[in-house]
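These are the residues of each chain, in order.
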Amino acid sequence: MNKSTSGHKGDKPSEGKGGHRRQQTKPQKADTWSIDDFPVEPEEGKARFHDIGLRDELMHAIADLGFEYCSPIQATILPHTLQGHDAIGKAQTGTGKTAAFLITMFNDMLCHPLEGERFVGEPRGLVIAPTRELVMQIAADAVDLAKHTDLQVVTLIGGMDYQKQLNRLHNDVVDLVVATPGRLLDFMGRRDLYLDHIEVLVLDEADRMLDMGFIPQVKRIVRATPRKEDRQTLLFSATFTQDIINLSQQWTYEPVTIEIEPEHVATDSVDQKVFLVSSEQRFRILKNLLRGDDAESVIVFANRRDQVRRLHEKLRKSGVSCGMLSGEVPQNKRTRTLEQFKSGEVKVLVATDVAGRGIHVNGVSHVVNYNLPEDPEDYVHRIGRTGRAGASGTSISFASEDEAFLLPDIEKLLGDKLECTYPPQELLD
Ligand code: AMP
């Protein structure tokens, strides 16, 4: 069945349960952008956002974010979910699942605007996630994707100012609520939020919600939304245990099931080197490495924004053509930097992990871990930036005396020992 969306619930005017009435008089944003400003060549084996029927406002935001092609989960799931189908996705963080469900929701809301009067406290979309951090990350992604629309996103999380969250709910017509289960129930219990107009419901990291004992709360929340035949439900989980499968069956209607394997742990196509270095040697070794003929296209990872900033500055001062990607760089600048890196205009990128996740560039010859990552998963993500698309690549990790303790956990995740060597003399000169 195609429940595709349309304002099935929104067609009838609301009775205004909370007594707060508000006309939807949001002005349309002027926008001179056109899809011609976002050229992406069709490429074999890759899906473009251009070809799946997304609204221009969303395409504009996708262009600003620097995404070009759909990630595998997006390419697989969007053709179904954009049609209004339910979906169950086995996918971990880092696969692009957040953008997949947000694009689904926003495209639907934009294609089917609700006519006439709307009321506060009656969102059209709801995302539930287990932790505050995750909710905040999802909401930040939502704000980025909705930035050329009038859609309003509200975050409801425990431990933060209740009154402020309440004011948002009272003052604005809200389109999307992103929440942790407990706080959401508080607002529902006090009759400040009603879920009977929900058109799309997303349950993110369902396995973690289960582990954290949230399922009874989530059940109450789901019961407050329209019947599963009358809403679209998208459920994501990193694992599919029997419990998760049972819950998915209860909550979804004829879903498509999609499994995206996590990035390969330690690809065979990456030659992984670990150099034992002292903190003082680090910069010299990096500079010498970058001078090498084979260092055609290099991403250097550091752990924090300030480290990235300082390293970028030092490299520039010593004449290396380099760009920087971190959360403190404005998005349009990041997009430009990434383009310069892709085109070869800039040979070296210095990046944090978060910014580095968005780098999908073929032909990266080297990844340098200027610092070892604190989270072993980040090591895998980092080295996965090279050795892509059948090419081979080299990763060089600096293990200094104060960071080498991070190695055993990385090796545990890799299931392999990493050989540590002293750097060759030519890199020390
Ligand atoms: P997630 O799995 O939702 O945590 O997303 C992981 C990261 O991938 C986020 O930093 C997104 O901004 C980024 N991302 C999502 N979709 C794409 C895409 N199609 N192209 C490039 N980066 C993406």
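This text follows the structure it describes.
Read on for an overview of the structure.

Conventions adopted
Residues numbered from 1 in each chain as written. Predicted model: local features only at pLDDT ≥ 70, side-chain atom pairs only at ≥ 80, totals over all residues. Heavy atoms only, no water. Helix = DSSP H or I, 4+ residues; strand = E, 2+ residues; numbered from the N terminus. Buried < 20%, exposed > 50% of the residue type's maximum accessible area, 1.4 Å probe, protein only. Contact = heavy atoms within 4.5 Å. Core = buried A, V, L, I, M, F, W, Y, C linked by side-chain atoms within 4.5 Å. Near = heavy atom within 4 Å. Polar contact = N/O pair within 3.5 Å; in protein donor to acceptor, adjacent residues only side chain to side chain. Areas by Shrake-Rupley, 256 points an atom, 1.4 Å probe, with all protein chains shown as cover. Nonpolar A, V, L, I, M, F, W, Y, C, P; charged D, E, K, R; others polar. Pairing = 2+ DSSP bridges. Salt bridge = Lys/Arg side-chain N within 4 Å of Asp/Glu carboxyl O. Axes fitted to C-alpha atoms, helices over the stretch in contact; angles between N-to-C directions. Parallel < 35°, antiparallel > 145°, perpendicular 65-115°, else oblique. Left-handed = near helix turned anticlockwise from the far one by under 90°.

1. Here's the deal with the overall build of the chain
Thinking step 1. Looking only at helices and strands, the chain has 16 helices and 16 strands in total.
Thinking step 2. In the chain, which comprises 429 residues, the proportion classed as buried is 52%.
Thinking step 3. For the chain, the proportion of contacts with a sequence separation of at least 24, taken over those separated by at least 6, is 77%.

2. Focus on the nonpolar core
Thinking step 1. Core analysis: the largest hydrophobic core is formed by 48 residues, its most contacted members being Ile-103, Phe-106, Leu-145 and Leu-176.
Thinking step 2. Elements represented by at least two residues in this core include exactly helix H1 (56–65), helix H2 (72–81), helix H3 (97–111), helix H4 (132–145), strand E6 (176–179), strand E7 (200–203) and strand E8 (232–237).
Thinking step 3. Among the elements that make up this core, the one with the highest residue count is H3 (nine residues).
Thinking step 4. Here Leu-145 is in contact with Leu-58, Ala-61, Ile-62, Leu-65, Ala-99, Leu-102, Ile-103 and Phe-106, once residues within four sequence places are set aside.
Thinking step 5. Within the second largest apolar cluster, 31 residues are counted, among which are Ile-198, Ala-206, Val-218 and Leu-235.

3. Remarks on the site of the ligand
Thinking step 1. Taken together, 13 residues lie near the ligand, and Tyr-69, Gln-74, Gly-94, Gly-96 and Thr-98 sit nearest.
Thinking step 2. Between the ligand and Thr-95 there is a distance of 2.9 Å, counted from an oxygen atom to a backbone nitrogen or oxygen.
Thinking step 3. A distance of 2.7 Å separates an oxygen atom of the ligand from a polar atom in the backbone of Gly-96.
Thinking step 4. Computed on the free molecule, the ligand has an accessible area of 500 Å², of which 84% lies beneath the protein chains in the complex.
Thinking step 5. Taken together, the residues that form the shell around the ligand break down as four nonpolar, eight polar and one charged.

4. Digging into the pairing of strand E15 (residues 393–400)
Thinking step 1. Burial within E15 is extensive, with eight of its eight residues counted as buried.
Thinking step 2. Across the two faces of E15 the burial is the same, with Gly-393, Ser-395, Ser-397 and Ala-399 and Thr-394, Ile-396, Phe-398 and Ser-400 all buried.
Thinking step 3. The pairing of strand E10 (residues 270–277) with E15 spans eight bridges and is parallel. Bridge pairing in E15 links Lys-273 to Ile-396.
Thinking step 4. Sheet analysis places strand E14 (residues 366–369) next to E15, joined by four bridges and oriented parallel. Looking at the pairing, Val-368 lines up with Ile-396 of E15.

5. As for unusual backbone geometry
Thinking step 1. A positive phi is found at Arg-191, a non-glycine position, where the angle reads about 60°.
Thinking step 2. Of note, Arg-191 is situated in the loop between helix H6 (181–189) and E7.
Thinking step 3. One non-glycine residue, Glu-254, lies in positive phi territory at about 40°.

6. Re the pattern of salt bridges
Thinking step 1. Taken as a whole and assessed by the stated rule, the structure comprises 21 salt bridges.
Thinking step 2. With its nearest N and O atoms 3.9 Å apart, the salt bridge here joins Lys-90 to Glu-259. In this pair, Lys-90 is assigned in strand E2 (residues 87–90) and Glu-259 in strand E9 (residues 256–259), connecting sequence segments 169 residues apart.
Thinking step 3. Between Glu-205 and Lys-97 there is a salt bridge whose closest N-O contact spans 3.8 Å. Here Glu-205 is found in the loop between E7 and helix H7 (206–211), whereas its partner Lys-97 is found in helix H3, with 108 residues between them in sequence.

7. Quick look at the packing of helix H14 (residues 376–383) against helix H15 (residues 407–414)
Thinking step 1. Running from N to C, H14 and H15 cross one another at 65°; their axes reach a closest spacing of 8 Å. In terms of orientation, H14 lies roughly perpendicular with respect to H15. Seen from above, H14 lies across H15 with right-handed handedness. Residues Pro-376, Glu-377, Tyr-379 and Val-380 of H14 form the contact with H15, whose own contacting residues are Asp-409, Ile-410, Leu-413 and Leu-414.
Thinking step 2. Across the contact of H14 with H15, the residue classes break down as six nonpolar, no polar and two charged.

8. With respect to the sheet that holds strand E13 (residues 348–351)
Thinking step 1. Read across the open sheet, the seven strands follow the order E12-E13-E11-E14-E15-E10-E16; overall the sheet is parallel. Two strands bound the open sheet, and with one partner strand each, they are strand E12 (322–325) and strand E16 (420–421).
Thinking step 2. Where H14 meets the sheet, its contacts fall on E10, strand E11 (298–301), E14 and E15, and the angle it forms with E14 comes to roughly 155°.

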